[in-house]
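Residue-level listing of the chains:
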Amino acid sequence: MREFVLYSRTGRTDAKWKNLHDAGRLDIVYECAVASLFLSHAIRKDTVFHAILNGPPEPPLHLKVEGSTLYDVRTDVSTWTQILKKVLSGKQHPGISLSKTSFEGLMREKAEKAKIYVLEEGGKDVFEVDIGGNLVFVLGDHVGIPKKVEAFALRYGEKISLGKRPYLAATCITVLNYLLDRKELSEK
Ligand SMILES: C[S@@+](CC[C@H](N)C(=O)[O-])C[C@H]1O[C@@H](n2cnc3c(N)ncnc32)[C@H](O)[C@@H]1O
């Protein structure tokens, strides 16, 4: 199982917005959800994407998107604008759920069954880490992971780096999925 957790400092927790960017950068949530869950013409059934939204009016809100049950969805921005508006206004979409789970609660829950890796430029080089099994990757938004939040996640996990260049969070997810796909395929 692969899981990606985006810590969104500003992502809105209601549906009173016009576009994803102005909704506290929910565009980053959308980009990361697509990078986590989509292959060409297929959804990754073994993958879950989480976003912890910390924007107004009622943070935190845990948005969970499960590849195993996600359907009726495409990869374009207008589809996801509609989906996020719908779920944030309390309606249902298959594969997507909302809860009041905090980032800390999610980390505690995941630490029981998975290895947790916090993505950060200054971490251990990903090529020096033997990644496998049930995996949880934690990423920051456009501003990065707050220090306190990072310190909490590091109680349960380790910091890894994709190199010295700062990439978009969604790019990091694409790179990780690629590396893990290559590893899995070479082990078959
Ligand atoms: C757009 S970056 C944030 C940039 C922000 N200025 C910072 O210093 O964290 C979004 C997230 O992607 C991840 N990230 C970006 N580049 C990375 C790299 N080279 N290695 C590991 N993680 C990276 C980190 O989790 C980061 O918080």
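Conventions used here
- Residues numbered from 1 in each chain as written.
- Predicted model: local features only at pLDDT ≥ 70, side-chain atom pairs only at ≥ 80, totals over all residues.
- Pairing = 2+ DSSP bridges.
- Helix = DSSP H or I, 4+ residues; strand = E, 2+ residues; numbered from the N terminus.
- Axes fitted to C-alpha atoms, helices over the stretch in contact; angles between N-to-C directions.
- Near = placed C-beta within 6 Å.
- Nonpolar A, V, L, I, M, F, W, Y, C, P; charged D, E, K, R; others polar.
- Expected span 1.5 Å × (residues − 1).
- Buried ≥ 20, exposed ≤ 12 C-beta atoms within 10 Å, placed from the backbone.

**Q** Mind showing me how you'd approach the sheet that holds strand S6 (residues 96–99) here?
**A** Within a sheet, each strand pairs with its neighbour through backbone hydrogen bonds, oriented either parallel or antiparallel. Spatially, S6-S5-S4-S1-S8-S7-S9 is the arrangement adopted by the 7 strands of the open sheet, whose pairing is mixed. A strand with exactly one partner marks an edge of an open sheet, and here the two such strands are S6 and strand S9 (157–161). Put simply, the sheet's adjacent strands are angled 25° from each other on average, direction ignored. Of the pairings in the sheet, the one linking strand S7 (residues 115–125) to S9 comprises 6 bridges and is parallel in character. Residue pairing for S9: Leu119 is matched across the bridge by Ile160.

**Q** Help me out: how do you make sense of the site of the ligand in this one?
**A** Near the ligand, the surroundings consist of 18 residues, among which Leu119, Leu139, Gly140, Gly144 and Leu162 are the closest. Contributions of two or more residues to the shell around the ligand are made by S7, strand S8 (135–140) and helix H5 (169–187). The element that contributes the greatest number of residues to the shell around the ligand is S7, accounting for 3 residues. Looking at the shell around the ligand, its residues break down into 10 nonpolar, 5 polar and 3 charged.

**Q** Sorry if this is basic, but what is going on with helix H1 (residues 26–37) here?
**A** Because each turn of an α-helix spans 3.6 residues, side chains separated by three or four positions end up pointing in the same direction. Here H1 contains 12 residues, and its C-alpha end-to-end distance of 17 Å stays within 8% of the 16 Å for a straight helix at 1.5 Å per residue. Summarising burial for H1: 12 of the 12 residues are buried, a large majority. Here H1 has its buried residues at Leu26, Asp27, Ile28, Val29, Tyr30, Glu31, Cys32, Ala33, Val34, Ala35, Ser36 and Leu37.

**Q** It is not clear to me how the environment of Glu112 should be interpreted in this structure. Could you clarify?
**A** Mapped onto the elements, Glu112 comes out in the loop between helix H3 (103–111) and S7. Each C-alpha atom, one on Glu112 and one on Thr171, is 28 Å from the other, the two residues being 59 residues apart in sequence.

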